Each structure stands twice: as structure tokens, then as C-alpha cells.
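Remarks on the overall topology
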Amino acid sequence: MSSLINRRDLDFLLFEYLEADALTAFNRYADHDRATFDAVIDAAEQLAVDQFQSHAAKLDANEPHFDGERVHIIPEVKAAVDAYIDGGFLGMAFDAEDGGLQLPYTIAQACASLFSAANIGTAGYAFLTGAAANMLRIVGSDEQKQRYMRPMIEGRFFGTMCLSEPQAGSSLGDIKTRAIPQPDGSYHLVGTKMWISGGEHDLSENIVHMVLAKIDAPDTPPGTKGISLFVVPKFMVNDDGSLGARNGVRLAGLNHKMGYRGTVNTVLNFGESEDCVGYLVGTANKGLAGMFHMMNEARIGVGMGAAVLGYAGYQVALDYAKNRPQGRPAADKNPTSKPVAIIEHADIRRLLLAQKAAVEGAYGLCLYCARLVDTVDAGGDADAIAHARLLLEILTPIAKSWPSEFCLEANKHAIQVLGGYGYTRDYPVERLYRDNRLNPIHEGTHGIQGMDLLGRKVLMQDGAAFKLLVATITETVERHAGDDTLGEFAASLCEALAAAGSTTQTLVGAAMSGQLDRFLANATIYLDMLGHIVLAWQWLEQAGVALRNRANAPDADRAFYDGKLTACRYFFRYELPKIHTQCALLKQLDDTTLTVDPAGL
Ligand SMILES: Cc1cc2nc3c(=O)[nH]c(=O)nc-3n(C[C@H](O)[C@H](O)[C@H](O)COP(=O)(O)OP(=O)(O)OC[C@H]3O[C@@H](n4cnc5c(N)ncnc54)[C@H](O)[C@@H]3O)c2cc1C
């Protein structure tokens, strides 16, 4: 069994690059220290290997099934999530007064990433529950927190997110689920939700659905402005916390997926033949805003999942490449000489470097974003909080999308390294690829993230978030500009930033002159372009730390730092130059995609 991720790398990212231990200076985290952080990550790694990775292949081959009465899931899943709950991992980042461990979000995300790398299907139940509880923490009433959030943090109730419907996925303004007001202040929900992960199972005492619906009232505005958020329990919860009657939310069927098979995926009917009671969360018609609070963190979580699924594949490919003898060096023409391990071939090293550059860079970016969340939550200097918030706004679509797209590509390279064996179920790389294929689709597709980045985040507050990103990257560039080793990369990043700046100006100009179609026609390419620049920036940061710490490192650690410097060089020489072609296309406001006649497609 190969390791999930390189623990030396995780420690490097957390403590050498992001200085996560410095968070203990804030009151919020004062009860913790580096030793606690190490211990909790050690415990997560152990549990992930012992109880999650151990049944990942079996779960993939034996997906949950519905016999018409109940959903069956292999027993290893319940054992694993129970151990996860007993270990306190569900409440890692929640406040101590809510029953959590009040650990920094960065450390919680690092732990979560280990479970995702081990077995994302099983980990999914815990993550959904954490996300639902987090949403109630932010927008729920005290009574709702007591009744639903606390049992979720304790792991007695699990949660779901019910946004999508058969006819409305990307365009949530078109949802049809209705909430009919009742005299007692509750609502009766009527409608069908599609794709609901964790929607039905026996893993927990109760399931708490967080549901988007439109209130059945003449003054409900059309579109997204008329969406409200409801909490809908599978079993009603009495005032003393005990479970009451079965509520009218029923399983209509399961979806059978390409990957992520362990997380049961459901079609749910609300109020089809019996009353389905729901309670308004937050303000009427402001449901999407409440959901977005939670979705930003969820999106960083999706990016993190994508990064470590790529990472787990890279570890398998690396191990395989060191042990698979095949062929001889190109210059060796002697057919009787001993075959070399495939890691000796330049093309295999290219595939490995491509994976390393993508997964370690993306992992660093997602942890960097988690660190920004901590800056906001820790409650320190007001300017630092405002700065972190704004940077998170523009980085979130990139942190969700770049890993989803390019760490999936890393999974493709991992299969390639294993050749024919990579295409079989004897090795996990094909499963990791299938699992990762979900990430560009859920929590807002790649295309929707592109439009969010260019159409909302770049324009917001007169371009303030974009300018802050440019200033933050420029600061890194200036720090390394005169450097013998990294100066070349600082110069390339400076050029790339200039190209992105002028391209953005042209695009914003098109938006201002009313050419909205042209402005957004190639938003996905803009997302990939800016994403590559952000990744290059992350690599320059990582390489800067590696160079500094290498100087005093013991011999055994030098290869690790050298690997970081080589991955940085790979990214700058093989990947970053692509942005110039993308900028040239974007600057032309190319309308090929807009004008193509569907009849010709
Ligand atoms: C395994 C799985 C688990 C999921 N779990 C959940 C869950 O727990 N809860 C939940 O609520 N949902 C969940 N989803 C739903 C997921 O979020 C949606 O599938 C996703 O938002 C896309 O919606 P759709 O499938 O309706 O595709 P569509 O919205 O129909 O999109 C199809 C394609 O059209 C593109 N497109 C759509 N609109 C536009 C536009 N305006 N401009 C340009 N391109 C556009 C999209 O980018 C996409 O490529 C899950 C989905 C899957 C597959």
C-alpha cells in the first residue's frame, strides 16, 4: 500500500511555508501548540490508512444499493465513520462551546485531506455533515443550532445539501421546490431534489437536509432573489432532542456513478404523498446568500479533495516507476544489457514532474486559502481580516477549479506511468481518476466557476480583489527578483502578470461597452490562465522557502528541497508559458464559440 501523501511535504507546507503554528498566538487557538497539531495529524493519518484506505477498493466495487425499502452500504463504512466521529474529527474546527475542538481550519483541512486521499467515498458522509453543521452555525437560530447542529457535530445526525433539481443544477434560480407556509410558522415542502449525496442511509440516527426552496407566496421574487433555505429532518426532533415521527422526505431512487461510488447519491421526493415539514433558516428569500457562506469553504474543500486524489495517484505512480524494469536508456543500443527501472526514462520523469508540480502546487494553494480562512476567523487586525476576505473572494473559484481540472490531468498521467496495468482495477489509479472526475462538475461546474471569476470576482468593488491579487503576487516577485536561482522565475511571473493585467483590461472594457457575450465567451480560458499564474506564484513561494531552508538542512533532507526547486522549474518552463497563447486569444475577444452555427456542430 503506497502512502497517501508525502507527510514530509504536508509538514513543509503547513509549518515551513504557511507557518500554521503561528496561529497559536491568537486567543482562539491559544489552547493548542505545534505538538497538538502534529498529534492530531498523526492520528488522522493512522485512521485514514487503517480504516478508510483499507476498504476503498471494496466500496468502489460494491456501491450502495436500494432494495426498495432500505439502502445497503458495506459495513466497513459505518465502522470507519464511527471511528472518525469517536476521534473528534467531525468537530475539529467547530467552537469548543459547540462541542468542537476549535482547531485552526488549516489543520482541520490538512486532516480532512488525508481521509479524502484514503477513501473519498466514505469521507464524503462526514464532510457533508460538517458542511451542513457549518451552515447552521453561520445562519441558523439558537434553537436550530441546539436541535440540529449539535447532534451533527456529535455525529449522531448526518447532513445533506439539497440544492439541485432534475431541471436546475447550474441555474438555481429555476428551482421548483415550493415551501407552503403553515399557521404554526413551519412550512410544508413539495418538490424533487436530484443528485443529493448522503440523502438516505442508516449510518446515523437521523439525516438533516438543508434544502433550497421558494416560498409559495405572491411576493416571492422570481429567480435567485426568491430562494429560501430550510432545514428538513428525516425524523422530526422533539423538544427534548429525542426523535419523533418520520417526516415526508422519501427516497425516489439512487444514481449510479462513474466514481465517488461509496457516497450514496439520491433522488429525493419532498411531500409527495405525506406532509414534509421544514423550518426556515435565516431570512426568507435570502437562502442563497446563506448557502454561499458555506459554499465558499466547501469549494476550497472540493479543490483540496481534487488535489489529494491527484496526490494519491502520484504516490502510486512514483512507487511503480521506481520498481518497474522496462527498456534501456536511449543511448544504450546493447539488447542484452539489463533493463532499467522506468523512472530512468526522461518521458516518465516528465509525467512524474507534471504530477508533482500539479498536486503539490494545488495542495499548497488550498492550504494557503485555508490559512486565509483562519486569518478571518481568528479575529486579529481588522485590515488583515479585510485583506484575507478579499483575497479569498478571488482565489476561491481558482482553488476549486484549478485542482479539479489539472490534478485530474495528474491522475491521467499516473495511469500512463503504469501503462496497461494502470488501466486495470489491480491498481488504484483508475479509481482515483474516476473519483476525481466529479470535481469539475459539482459545487459549480468548471464553466460556472469561470464566469464567477471573470463576471463577478474580477469586477467586484471596482476591481479591488483583482488588484489585491496582483499586488500580493508582485510582492513575491519583488522578493525574488535579484535571486541567482529564482530570479529567472520571478521575471517570468512578472511578464505573465503584465499579460494578465492588459488582458483583463481589454475584457473589462468589452463588458463596460455592453459586449457581455464576448466578455464571458471565453471565461473558462480566463480561469485556466489566471489559475496557472496563481499556481506559478505558489511555486515561487514554495521554492523560496525550500531554497532558504535547504541551506541548513541535514543531508538527508536536501533531496526533498531539491525536488521542490525542480518542480518549480518544471512549472515555470513547461506550464506558465501557455498563458501567453491564452492571453492573445482572450485579448482578441474571439467570437468563434459565440458565432458557430449549432447546425454545424
Ligand atoms: C456525484 C454528484 C454528487 C452531487 N451532490 C450534490 C449534492 O449533494 N447536493 C446538490 O444539491 N447537488 C449535488 N450535485 C449536483 C451538481 O452540483 C450539479 O450536477 C452541477 O451543479 C451541474 O448541474 P447539472 O448537472 O444540472 O448540469 P447543467 O447545469 O445542466 O450543466 C450542463 C453543462 O452546461 C454548462 N452550463 C450550464 N449553464 C451554463 C451557462 N449559463 N453558461 C455556460 N455554461 C453553462 C455547465 O457548465 C455544464 O458543463 C451532485 C452531482 C453529482 C454528479
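Above this text is the structure in question.
Attention here is on the structure that accompanies the text. (Residues numbered from 1 in each chain as written. Predicted model: local features only at pLDDT ≥ 70, side-chain atom pairs only at ≥ 80, totals over all residues. Heavy atoms only, no water.)

Helix and strand content of the protein: 18 helices and 12 strands. Over its C-alpha trace the protein gives a radius of gyration of 25 Å, about what one expects of a compact globule, namely 25 Å for 601 residues. Seen through its principal axes, the protein has C-alpha atoms that stretch 80 × 60 × 60 Å. Scored against the burial criterion, the 601 residues of the protein give a buried share of 56%. Long-range contacts, defined as pairs at least 24 residues apart, comprise 75% of the intrachain contacts of the protein with a sequence gap of at least 6. Put simply, the protein shows about 24500 Å² of open surface, and 52% of that area lies on carbon and sulfur atoms. Treating the 53 positive side-chain charges of the protein as one cloud and the 72 negative ones as another, the clouds have centres 5 Å apart. (Helix = DSSP H or I, 4+ residues; strand = E, 2+ residues; numbered from the N terminus. Rg over C-alpha atoms; globule rule 2.2 N^0.38 Å. Buried < 20%, exposed > 50% of the residue type's maximum accessible area, 1.4 Å probe, protein only. Contact = heavy atoms within 4.5 Å. Areas by Shrake-Rupley, 256 points an atom, 1.4 Å probe, with all protein chains shown as cover. Lys, Arg positive; Asp, Glu negative; His and termini not counted. Charge placed at Lys NZ, Arg CZ, Asp CG, Glu CD.)

Interaxial distance between helix H12 (residues 460-480) and helix H15 (residues 523-550) falls to 10 Å at its minimum, and their mutual angle equals 35°. The element H12 and its partner H15 pack so that their crossing is left-handed. Between H12, through Phe 466, Leu 469, Thr 472, Ile 473, Thr 476, Val 477, Arg 479 and His 480, and H15, the contact on the second element is made entirely by Tyr 526, Leu 530, Ile 533, Val 534, Trp 537, Leu 540, Glu 541 and Gly 544. Residue composition of the contact of H12 with H15, grouped by class: 10 nonpolar, four polar and two charged. (Axes fitted to C-alpha atoms, helices over the stretch in contact; angles between N-to-C directions. Left-handed = near helix turned anticlockwise from the far one by under 90°. Nonpolar A, V, L, I, M, F, W, Y, C, P; charged D, E, K, R; others polar.)

Turning our eyes to something else, we now look at the nonpolar core. By size, the foremost hydrophobic cluster in this structure holds 167 residues, and its most contacted members are Leu 189, Tyr 526 and Ile 533. The greatest single-element share of this core, amounting to 18 residues, is contributed by helix H8 (residues 346-378). Within the second largest apolar cluster, 29 residues are counted, among which are Phe 94, Ala 131, Phe 157 and Val 281. (Core = buried A, V, L, I, M, F, W, Y, C linked by side-chain atoms within 4.5 Å.)

As a further point, take unusual backbone geometry. Notably, Gln 461 is not glycine yet its phi reads approximately 45°, a positive angle. On the secondary structure map, Gln 461 appears in helix H12. Of note, Leu 589 is a non-glycine position whose phi angle comes to about 50°, a positive value. Inspection of the secondary structure assignment puts Leu 589 in the loop between helix H17 (578-587) and helix H18 (592-595). The exposure class assigned to Leu 589 is buried, which follows from its relative accessible area of 13%.

For Gly 253, the location among the structural elements is in strand E10 (residues 249-254). Assessed through its relative accessible area of 14%, Gly 253 is described here as buried. Counting along the chain gives 188 residues from Gly 253 to His 65, while the straight-line C-alpha distance between them is 9.5 Å. Contacts of Gly 253, omitting those with residues within four sequence positions, involve Asn 265, Thr 266 and Val 267.

Around the ligand, 18 residues are found, and the nearest of them are Met 161, Leu 163, Ser 164, Ser 170 and Thr 445. One nitrogen or oxygen atom from the side chain of Ser 170 is found 2.6 Å from an oxygen atom belonging to the ligand. Here a nitrogen atom of the ligand and a side-chain polar atom of Ser 197 are 2.9 Å apart. Taken by itself the ligand offers 970 Å² of open surface, and the protein chains cover 62% of this. For the shell around the ligand, the secondary-structure elements that each account for two or more residues are strand E3 (157-162), strand E5 (187-197) and helix H11 (446-457). Residue contributions to the shell around the ligand peak at three residues, all from E5. Classifying every residue of the shell around the ligand gives nine nonpolar, seven polar and two charged. (Near = heavy atom within 4 Å. Polar contact = N/O pair within 3.5 Å; in protein donor to acceptor, adjacent residues only side chain to side chain.)

Right, let's talk about the packing of aromatic side chains for a bit. For the structure shown, the criterion picks out 19 aromatic pairs. Geometrically, the ring pair formed by Tyr 84 and Phe 115 is edge-to-face, given 4.8 Å between the ring centres and 75° between the ring planes. Here Phe 115 lies in helix H5 (residues 105-139) and Tyr 84 lies in helix H4 (residues 75-86), a separation of 31 residues in the sequence. With relative accessibility at 3%, the residue Tyr 84 sits in the buried group. Both rings, one in Tyr 320 and one in Tyr 421, keep their centres 6.5 Å apart while their planes meet at 45°; by these two values the pair is tilted. You can see Tyr 320 sitting in helix H7 (residues 287-323) and its partner Tyr 421 sitting in the loop between helix H9 (382-417) and helix H10 (429-436), a full 101 residues away along the chain. (Phe/Tyr/Trp six-rings, centres within 6.5 Å; stacked < 30°, edge-to-face > 60°.)

A word on H17. For H17, the full list of buried residues reads Ile 579, Cys 583 and Leu 586. Looking straight down H17, one finds its buried side chains confined to an arc of 65°; they lie on one side. Each element contacted by the buried residues of H17 is listed here: helix H13 (487-512), H15 and helix H16 (555-575). The first or second residue beyond H17 is Leu 589, which carries a positive phi of 50°. (Arc of directions from axis to C-beta.)

Turning our eyes to something else, we now look at the pairing of strand E11 (residues 265-270). On a regular strand, each side chain points to the face opposite its neighbour's, so the side chains alternate between the two faces of the sheet. Across the six residues that make up E11, a large majority, six, are buried. Across the two faces of E11 the burial is the same, with Asn 265, Val 267 and Asn 269 and Thr 266, Leu 268 and Phe 270 all buried. Summarising the sheet, E5 and E11 pair through five bridges and their orientation is antiparallel. Each bridged residue has a counterpart across the sheet, and for Lys 193 the counterpart in E11 is Leu 268. In the sheet, E10 pairs with E11 via five bridges, with the strands oriented antiparallel. When the bridges of E11 are listed, Gly 253 appears paired with Val 267. (Pairing = 2+ DSSP bridges.)

This next bit is on the pattern of salt bridges. The full count for this structure, using the stated rule, is 36 salt bridges. Two residues, Glu 430 and Arg 434, come together in a salt bridge whose shortest N-O distance is 2.9 Å. Of the two residues, Glu 430 and Arg 434 both sit in helix H10, four residues apart, roughly one turn of that helix. Linking Glu 475 and Arg 479 is a salt bridge whose minimum nitrogen-to-oxygen distance equals 3.1 Å. Pair noted here: Glu 475 and Arg 479 are both in helix H12, with a separation of four residues, about one helical turn. For Glu 475, a relative accessible area of 41% puts it in the partly exposed group. Where salt bridges share partners, they join Arg 7, Asp 11, Asp 42 and Glu 45 into one cluster. (Salt bridge = Lys/Arg side-chain N within 4 Å of Asp/Glu carboxyl O.)

Turning to H4, a few remarks are in order. The end-to-end C-alpha distance of H4 is 17 Å, a good match for the 16 Å that 12 residues give at a rise of 1.5 Å each. Every buried residue of H4 is accounted for by Val 77, Ala 80, Val 81, Ala 83, Tyr 84 and Ile 85. Those residues of H4 that are buried lie in contact with helix H2 (34-52), helix H3 (56-61), H5 and E3. With its phi angle positive at about 80°, Gly 88 sits one or two positions after the end of H4. (Expected span 1.5 Å × (residues − 1).)

So, on to the side chain of Lys 457. With respect to the secondary-structure elements, Lys 457 resides in helix H11. For Lys 457, a relative accessible area of 3% puts it in the buried group.

Honestly, that's just the spatial picture; any functional story needs more than this.
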